[in-house]
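# Notes for the structure review
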Amino acid sequence: RLPRANMGGKRSAGSGGASSTGADSPAEGGSKDVQPNLTSADYYFNSYAHFGIHEEMLKDEVRTRSYQTAIMQNGHLFKDKVVLDVGCGTGILCMFAAKAGARR
């Protein structure tokens, strides 16, 4: 059995969160990698650039097994098909599709 992932959303200090005091700005002696004018979409998509989020999702057994079960129980939809995993994080969905009979 896989260990349950911490999905509580807690981030450690220095994990890129904004500071309400402004101490993270270079002028205040903080981090120099703060990027001004980032949108919520920027933060959302940038979060997937870190390996940790992919590890958490894979370790979420309920989530991963649900995808696997849905794909395997519908193998007739995947048989001999070409599958493209648009997210392309870990490729786990493509691996499930291949096991279900996808051609590529």
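Quick summary incoming for the structure in this document. (Residues numbered from 1 in each chain as written. Predicted model: local features only at pLDDT ≥ 70, side-chain atom pairs only at ≥ 80, totals over all residues. Heavy atoms only, no water.)

## Some thoughts on the overall build of the protein chain
Applicable threshold: Secondary structure counts use DSSP, requiring at least four H or I residues in a row for a helix and at least two E residues in a row for a strand, with both numbered from the N terminus. Residue-level accessible areas treat just the shown protein chains as cover; the underlying method is Shrake-Rupley with a 1.4 Å probe.
Counting its regular elements, the protein chain contains five helices and zero strands. Seen in sequence order, the protein chain has helices and strands lined up from the N terminus as α-α-α-α-α. Within the structure as shown, the protein chain displays about 8300 Å² of accessible surface, and the carbon and sulfur contribution to it stands at 56%.

## Section: a nonpolar patch on the surface
Worth spelling out the cut-off: Here, patches come from residues exposed beyond 30% relative accessible area and free of salt bridges, joined within 9 Å for like charges and within 5 Å for nonpolar side chains (Val, Leu, Ile, Met, Phe, Trp, Tyr). Think of a salt bridge as a Lys or Arg side-chain nitrogen and an Asp or Glu carboxyl oxygen that are within 4 Å of each other. Throughout this description, buried means an accessible area under 20% of the type-specific maximum (1.4 Å probe, protein chains only), exposed means over 50%, and partly exposed covers the range between.
There is a patch of nonpolar side chains on the surface, built from Tyr 44, Phe 45 and Tyr 48 and spanning about 350 Å² of accessible area. Within the fold, Phe 45 resides in helix α1 (residues 40-47). Phe 45 gets classed as exposed once you look at its relative accessible area, which sits at 58%.

## Remarks on unusual backbone geometry
Positive phi, close to 60°, is recorded for Asp 80, a residue that is not glycine. Inspection of the secondary structure puts Asp 80 in the loop between α4 (75-78) and α5 (92-99).

## Points about the nonpolar core
The cut-off we apply is this: Only buried residues count toward a nonpolar core, which is a set of Ala, Val, Leu, Ile, Met, Phe, Trp, Tyr and Cys residues joined through side-chain atoms within 4.5 Å. Here, two residues are considered to be in contact whenever any of their heavy atoms come within 4.5 Å of each other.
Ranked by size, the top nonpolar core spans six residues in total: Ile 71, Phe 78, Phe 96, Ala 97, Ala 100 and Ala 102. In contact with Phe 96, not counting residues within four places along its chain, are Thr 64, Tyr 67, Gln 68, Ile 71 and Met 72.

## Concerning the environment of Ile 53
With respect to the helices and strands, the residue Ile 53 is situated in helix α2 (residues 51-59). By relative accessible area, which is 26% here, Ile 53 ends up partly exposed. When the C-alpha atoms of Ile 53 and Gly 89 are compared, they prove to be 9.6 Å apart, with 36 residues separating the residues in sequence. Setting aside its immediate chain neighbours within four residues, Ile 53 contacts Ser 47 and Tyr 48.

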